[in-house]
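# Reading the structure
Listed below, chain by chain, are the residues.
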Amino acid sequence: MDTVALAVTDGMLHFELSLAYEVFGADMTSVADPWYRFVVCGPGAVRAGRFLLEPDYGLDHLSRADTVIVPGWADFDVEPPDDLVDAVRAAHEAGARVASLCTGAFVLAAAGLLDGRRATTHWAHTEVLAARYPQVTVDPDVLYVDNGSVLTSAGKAAAMDLCLHIVRLDHGSSIANTVARRLVVPPHRDGGQAQFVTTPAPAPGNHPLAELFPWVLERLDHPLTVEDLARQARMSSRNLGRHFRSVTGTTPLQWLLTQRIRHAQELLETTDDGVDAIAAATGMGTATTLRRHFNRTVGVPPDTYRRTFRSRPRPGSYGP
């Protein structure tokens, strides 16, 4: 069973704390068994906004976790505590995967874990992060960055994107999708932070495309066109494109292609279907078309992906 440790100290943001708990700390054994063992590590009782947390272990226990989550750091103008920085660095050196949520990237940067790496944080603070830590390549227009053993997310809701990405890495797309449905959030969002800077996406179920998305996902095996989507949404193709850009940060065709690829990943992970059958089930038409789009999007051919991500536990897990 993989252990996920939440690193806390005074001044952490409670939204990111609770979000990480909902993904990794809730009882999801009916979805995947074993699920994660979730622990909270801190220097003692810590305050997050108006909430008081009692950690399970001290910060030195972080080095015994498989994954360390560093939530948002409220006052990023102040250097994070040395004991927190040292404990996060020691955990990474011990082999832990370390992920920051929102402004938790400032803690990772202070620990030197982002040196020479690409990283992100809340769009409002990317310039500060880049100026304070010039050795870090700060990308202001992504929802999260995965460097393998070091991951960073953008602000607030993007922390959920990163947490679900970690579940997807560990348990596969099917499990991540099930967790997302239980949390009533999308399993994957396209586009970067730019779409949220001035016009945040409406809440799920409260925008003109709310009924269109599930309709499309149930018909991925159909040769859908933009005109088909526009007709179902009862709007012009041009109006559809405008709403898609506002809600998803991308075009209808790109969003549709991404959903087809995601479904192909799930089928590769959970079935023995051949590439031809998966191409038909995802609306790609032919195996050649699927391979071309899959390789370009995912970075590896479908067969390679299946060998790597076929549902199985991640090796080398242990608990405190």
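A few points on the structure. Owing to the predicted nature of the structure, the values given are computational and were not obtained by experimental measurement.

This paragraph deals with the pattern of salt bridges. Opposite charge on two side chains permits them to pair, given that their charged atoms come into close proximity. Following the criterion strictly, the structure yields seven salt bridges and no others. Between Glu-16 and Lys-156 there is a salt bridge, with the nearest N and O atoms lying 3.6 Å from each other. Of the two residues, Glu-16 is situated in helix H1 (residues 14–25) and Lys-156 in the loop between strand S10 (150–153) and helix H5 (157–171); the sequence distance between them amounts to 140 residues. Given a relative accessible area of 0%, Glu-16 falls into the buried group.

Ordered by their spatial adjacency, six strands build an open sheet running S2-S1-S5-S6-S10-S9, and the pairing between neighbours is mixed. Sheet topology places strand S2 (37–41) and strand S9 (144–146) at the edges, where each strand pairs with a single neighbour. Averaged over neighbouring strand pairs, the angle between their axes works out to 15° when direction is ignored. Where strand S1 (residues 3–7) lies against S2, five bridges are found, and the strand directions are parallel. Each bridged residue has a counterpart across the sheet, and for Ala-7 the counterpart in S2 is Cys-41. H1 rests against S1, S2 and strand S5 (67–70) of the sheet, and its axis sits at about 155° to S2.

Turning our eyes to something else, we now look at the pairing of strand S6 (residues 97–100). Consecutive side chains along a regular strand alternate between the two faces of the sheet. In S6, alternate side chains face the same way, and those of Arg-97 and Ala-99 on one face and Val-98 and Ser-100 on the other are all buried. The pairing of S5 with S6 spans four bridges and is classified as parallel. Considered in S6, the bridge of Thr-67 is made with Arg-97. Following the chain from S5 across helix H2 (residues 82–93) to the adjacent parallel S6, one finds a crossover that is right-handed. Pairing of S6 with S10 involves three bridges; the strand directions are parallel. From the neighbouring strand, Val-98 faces S10, where its bridge partner is Val-150.

The rules behind the values
Residues numbered from 1 in each chain as written. Predicted model: local features only at pLDDT ≥ 70, side-chain atom pairs only at ≥ 80, totals over all residues. Heavy atoms only, no water. Salt bridge = Lys/Arg side-chain N within 4 Å of Asp/Glu carboxyl O. Helix = DSSP H or I, 4+ residues; strand = E, 2+ residues; numbered from the N terminus. Buried < 20%, exposed > 50% of the residue type's maximum accessible area, 1.4 Å probe, protein only. Pairing = 2+ DSSP bridges. Axes fitted to C-alpha atoms, helices over the stretch in contact; angles between N-to-C directions. Contact = heavy atoms within 4.5 Å. Right-handed = clockwise from strand over helix to strand, strands pointing away.

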